[in-house]
Amino acid sequence: MKITKSIASQAQKGFTLIELMIVVAIIGILAAVALPAYKDYTVRAKVSEVILAASAGKDAVAEFYAYNNAFPAATSLTLATQSTKYVASVAQSAGIITATASAAEPAMSSGTIVLTPTAPATTGGAVTWTCNTGTTAIPTNYLPASCRGN
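For every chain, the first residue of the written sequence is number 1, and numbering continues from 1 onward in sequence order. Only residues with pLDDT of at least 70 are given local features in this predicted model, and only at 80 or more are side-chain atom pairs given and counted; all residues enter the totals for whole chains, interfaces and linings. Hydrogens and water are ignored here; the side-chain numbers use all heavy atoms of the structure.

Enquirer: Please explain the pairing of strand S1 (residues 87–93) as it appears in this structure.
Expert: For a regular strand, side-chain orientation follows a simple rule: the groups alternate between the two sheet faces. When S1 meets strand S2 (residues 96–101), the two strands line up antiparallel, connected through 6 bridges. Considered in S2, the bridge of Ser93 is made with Ile96. The pairing criterion is simple: DSSP has to find at least two bridges between the two strands. Under the DSSP-based scheme used, a helix requires at least four consecutive residues in state H or I and a strand at least two consecutive residues in state E, with every element numbered from the N terminus. Linking two consecutive strands that pair antiparallel, namely S1 and S2, is a turn of 2 residues; a positive phi of about 55 degrees is found at Ala94 within it.

Enquirer: I keep staring at the nonpolar core and nothing clicks. Help me out?
Expert: One recurring pattern in soluble globular proteins is that nonpolar side chains are buried together. What we call a nonpolar core is a set of buried Ala, Val, Leu, Ile, Met, Phe, Trp, Tyr and Cys residues that are connected through their side-chain atoms within 4.5 Å. For every residue, the accessible area obtained with a 1.4 Å probe (protein chains only) is divided by the maximum for its type, and the residue is called buried under 20%, exposed over 50%, and partly exposed between those limits. Of all hydrophobic cores here, the largest spans 26 residues; its most connected members are Val47, Val50, Val90, Ile97, Met108, Ile113 and Ile138. Mapped onto this core, the elements with two or more residues apiece are helix H1 (17–55), helix H2 (58–68), S1, S2, strand S3 (112–118) and strand S4 (128–133). Ranked by residue count, the leading element in this core is H1, at 6 residues. In this analysis, two residues are considered to be in contact whenever any of their non-hydrogen atoms come within 4.5 Å of each other. Apart from the residues lying within four places of it in its own chain, the contact partners of Ile138 are Val47, Met108, Gly111, Thr112, Ile113, Thr133 and Leu143.

Enquirer: I would appreciate a short explanation of the state of the cysteines in the present structure.
Expert: By definition, a disulfide links the sulfur atoms of two cysteines through a covalent bond. Disulfides are defined in this document as cysteine sulfur pairs within 2.5 Å. The full count for this structure, using the stated rule, is 1 disulfide. The partner cysteine of Cys131 in its disulfide is Cys147, sulfur to sulfur 1.7 Å. Given an S-S torsion of about 85 degrees, the disulfide between Cys131 and Cys147 has right-handed geometry. Linking Cys131 in strand S4 with Cys147 in helix H3 (residues 145–148), this pair joins segments that are 16 residues apart in sequence. In this structure Cys147 comes out as buried when scored by relative accessible area, which is 3%.

Enquirer: Sorry if this is basic, but what is going on with a nonpolar patch on the surface here?
Expert: A contiguous nonpolar patch, built from Leu17, Ile18, Met21, Ile22, Ile26 and Leu30 and spanning about 630 Å² of accessible area, is present on the exposed surface. In this fold, Ile22 is placed in helix H1. What goes into a patch is any residue over 30% in relative accessible area without a salt bridge, connected to like charges within 9 Å or, for nonpolar side chains (Val, Leu, Ile, Met, Phe, Trp, Tyr), within 5 Å. Each accessible area value is a Shrake-Rupley result obtained with a 1.4 Å probe; residue values ignore everything except the protein chains displayed when judging cover. By definition here, a salt bridge exists when the distance from a side-chain nitrogen of Lys or Arg to a carboxyl oxygen of Asp or Glu is within 4 Å.

See the structure below:
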């Protein structure tokens, strides 16, 4: 007695072409959404490097103010050079710290971040800082929340 299997009773093996095409389409849609968001995150990380370079001088300016009860002139306090791949320069004048982005990232090329001090209301109080962009602005969507509203 010979047993034959019918084609209908065999288990399906592998994927059909339409199933593979659907998977490829879903991956394509996810990639189309994820890549621009990833680009924004990488530029924001580079902008944060510019802000950190500017923030490095905040303590020096606040300390100068605490001892002299006035913000330093450009020649009274020289900040350490913060030149990196994404930071072209950091300078201060009258306590205002300006960090300039380098041209390494086109989205923020030569943009500036400006940290402006405000004298304390009472003796011995803390210097407060506001962050904004200078005349050559970095696009708002790349700035941290603390620099957007000013």
